[in-house]
Every structure is written in C-alpha cells, then in structure tokens.
Amino acid sequence: MEPVKLISIDCVLDYLDNVPALGHQHGGQHGGGCNITWFWSRVCNLSILETIRCLGGLAVKVVVKTISDQRPEFYPGTRHQYPFYEQRGTAVQRVGSGRFWGLTKYSEPENRSCPCQECRTAQNPKKTWAYVMIVTAAHVVYDKSEAEKTVCLVDYDDENSDVFHLCGHDVGEVCVEEDRSNLICVTHDADLVEKFEKTWSVFMELFKTLNRKYEDYSALENKLTVVVSHPHGGVKRVSIGQWVHRLTVKGQSNRFCYTACTCPGSSGAFVFILGMKGWWYHHVHSGTSLGFNYSGTGCGF
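These remarks concern the structure in this document. Nothing here was measured: the structure is a model prediction, and the numbers come from that model.

About the thresholds
As a convention, each chain's residues are numbered from 1 in the sequence order in which they are written. With pLDDT at 70 or above as the cut-off, local features in this predicted model cover only qualifying residues; side-chain atom pairs require 80 or more to be listed or tallied, and sums for whole chains, interfaces and linings still use all residues. The basis for the side-chain values is all heavy atoms of the structure; hydrogens and waters are excluded. Lines are fitted to the C-alpha atoms to define the axes, a helix being fitted only along its stretch in contact, and any angle between axes, read from their N-to-C directions, falls within 0 to 180 degrees. Only DSSP runs of H or I covering at least 4 residues are called helices, and only runs of E covering at least 2 are called strands; the numbering of each starts at the N terminus. For any pair of crossing helices, the crossing counts as left-handed if the nearer helix is rotated counterclockwise from the farther one by less than a right angle, and right-handed if it is rotated clockwise. The contact criterion used throughout is that any non-hydrogen atoms of two residues lie within 4.5 Å. Under the scheme applied here, ten amino acids are nonpolar (Ala, Val, Leu, Ile, Met, Phe, Trp, Tyr, Cys and Pro), four are charged (Asp, Glu, Lys and Arg), and all others, including Gly, are polar. One bridge is not enough; two strands pair if DSSP finds at least two bridges between them. Take the buried residues of types Ala, Val, Leu, Ile, Met, Phe, Trp, Tyr and Cys, join any two whose side-chain atoms come within 4.5 Å, and each joined set is a nonpolar core. Working definition: with a 1.4 Å probe on protein chains only, accessible area under 20% of the residue-type maximum means buried, over 50% means exposed, and in between means partly exposed. The span expected for a helix works out to 1.5 Å for each residue beyond the first. Under the rule applied, a polar contact is a pair of N or O atoms within 3.5 Å (in protein, one hydrogen donor and one hydrogen acceptor; residues adjacent in sequence only if both atoms are side-chain atoms). We call a pair of cysteine sulfur atoms a disulfide whenever their separation is within 2.5 Å.

1. Structural notes on the packing of helix α3 (residues 46-58) against helix α6 (residues 190-214)
Put simply, α3 and α6 touch, their axes get as near as 9 Å, and they point 145 degrees apart. Crossing hand, α3 versus α6: left-handed. Counted together, S47, I48, E50, T51, C54, L55, G57 and L58 of α3 and K195, F196, T199, W200, V202, F203, L206, L210 and Y214 of α6 form the full contact between these two elements. Of the residues belonging to the contact of α3 with α6, the class tally is 11 nonpolar, 4 polar and 2 charged.

Take a look at the structure:
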C-alpha cells in the first residue's frame, strides 16, 4: 500500500475551485456542502481526491425519452404519488444521472450478434460489442419500455467535451421500494469499454483502500459524502457534504440523508460515503425532504 500523501490546504482549495460544485439544492435553496475546515481534517490524502476523479469518470447523464404506461400510481405501501404517474404513456423527455457498474464483452469468435436496434435490422450485425450496466434510480428508468428509449452520455464534462453515447437496451433488476434500477446498455465502442474497465479498476482499488483506512468513521456523525451528477441535465458537477441521518431498513440495508447538494437531474447518481463497506453498496440519490437530500436503499455498513 502506498504511504499516505499529505497535500496543503491551498492544493485542496485549488482542486475544489477547479471542480465545478453545485450551488443549490432541490427547490432552489442555496448553500449546503461541508465546512472546508471539517473537509480538510478528513481529506488529507490524494487517494480521496483521486476517488472523486474516478467517480466522475464513471458517472453518466441519463436521458429518457418516454414514460412507461406501467408506472404505479403510488410508492409501494404509501399514498405518496409515484413520479410521472400522470404523464405515463407519453413521450416526455426526462434527465437523470447514473454510474457505471459492470460490463460483459463479446467478440467475433463467439459469433453472437449485437442486439441493438441498428444491428437487429443490419445485414451484417456487429459481432464485437458489450453490454454495459448503469445503476440509476427506478424512478428515472422504470422498465424495459423506458430503457429502450434511453441514451446515456459519458464524459459530458463541459460543452466542448468529446461525449460517448450508450444506447439503452433493457433493465436487469429494478426495485421500486429501494429506488434502484440496473439499466443495461449496448455499445460497439472499444475505446469506451477500455475507459470504463481502466477507471473501474482504479476506483475499486481506491475504494477498498479507503474503506480500510476510514472504517472507524462509520461510528461518527457528519461523514464525508460525495455526489457526482448532471443537475438539470447539464454538465457533470461534484457536490461535497456530510451525511446526517442513517435509517436502517433491515439487516445491513439502509438509507442516508445528507447535505451534499443536488438538483433535478441528480436522481440516480451514486452517493459515495467515506468508509462505507459492502460489495452490494448501491446507494443512489433518490430525492429531498425536510431540507435534506436522501438516498435510495443500499447495503453497506
């Protein structure tokens, strides 16, 4: 393991100044985020900053161009109306966020044709392609009909970015109660596949290292929380704050409330909490209530 690298407060401030941060929360409330003194007392090594960079490389903008006619009227077991119920069955475009979670590659020797819409009607469908899984919120991509009308934008960092596009194909597991959806996309782009593989490998090593180093933080309040998303469908933004409440749902499943700022379009973004352990750690940003943002249900301890 590399020794801890300390950097000056000026470096941290300069880094944060050059990484766009959200300026407002849902409902137009300005402020939020964390005190820089508190942040510096915990973020004193480059591994955390590199982890944030990796989170940015794995984050995607999710554009959904239809609303399923199968959306429920209410959240399960409640009388709270489910998002976009009254617009079900229409071609209303919406935006959210998501994060890369895994991929499966296929090559010529396997002789398996790509299932994307273009290849299904082509005389010579692609034989080198990949399934790419994007984790987002269930209220962003509800079912297969929405997935088929979804496009994910990768590396939309500024208006001049060279953006990759991922076409939605299907959904894997969708859990409305936990507000989590596994969107399955298809790509022929070998460069994009390689980028995801490399960034994911670095992220997982950093993730495991930080979990070991900061696992004692799980007993503390106001733990570092980072959300990388596409607010209002715009370019990628980084929001840094603290978690303030943890609600145990059952066993090791829980939800968090946090001060990291979000906006419409942030739904589905990965919620990174320093020191959180657990392989099936899928907390995604879900919404806002009573002045705090909150995640969907995930498994972490």
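2. Quick word on the sheet that holds strand β5 (residues 164-175)
Spatial strand order, β1-β2-β3-β6-β5-β4: 6 strands in a closed barrel with antiparallel pairing. For this sheet, the mean angle separating the axes of adjacent strands, direction not counted, is 40 degrees. Sheet topology note: the strand β1 (residues 59-64)/strand β4 (residues 150-154) ladder contains 5 bridges and is antiparallel. Of the residues in β4, the one forming a bridge with V63 is V151. Its contacts with the sheet place α3 against β1 and β2 (94-106), and it is angled at close to 25 degrees to β1. Each of β1, β2, β3 (129-136), β4, β5 and β6 (180-187) is contacted by α6, which is oriented at about 95 degrees to β2, the strand it contacts most.

3. Details of the nonpolar core
With 42 residues, the main nonpolar core has I134, V141, C152, L166, F196, F203 and V226 as its most contacted residues. With 9 residues, α6 is the largest single contributor of residues to this core. Not counting the four nearest positions on each side in its chain, F196 is found in contact with G57, L58, V60, F100, L103, V132, V154 and L166. The next biggest cluster of nonpolar side chains, apart from the first, holds 9 residues, and it includes V227, W243, I273 and M276.

4. Regarding α6
Across its 25 residues, α6 extends 36 Å between first and last C-alpha, which sits within 8% of the 36 Å expected from 1.5 Å per residue. Capping the start of α6 is the job of one residue whose side-chain oxygen sits 3.0 Å from the backbone nitrogen of D191: D189.

5. Focus: the environment of G57
Here G57 is to be found in helix α3. The sequence separation of G57 and F100 amounts to 43 residues, and the corresponding C-alpha distance is 8.9 Å. Beyond its immediate sequence surroundings of up to four residues, G57 is in contact with D155, K195, F196, T199 and K236.

6. Some remarks on the side chain of H283
Note on placement: H283 falls in the loop between β10 (271-273) and β11 (285-289). Side-chain polar atoms of H283 contact the side chain of N254, separated by 2.7 Å. Within the structure, the side chain of H283 is placed 3.4 Å from the backbone nitrogen of G298, a separation counted as a polar contact.

7. As for the state of the cysteines
Under the definition given, this model contains 0 disulfides. Just so you know, C152 is unpaired, no disulfide at all, and the nearest cysteine sulfur is the one on C185, 4.1 Å from it. Take C152: its relative accessible area is 0%, and that puts it in the buried class.

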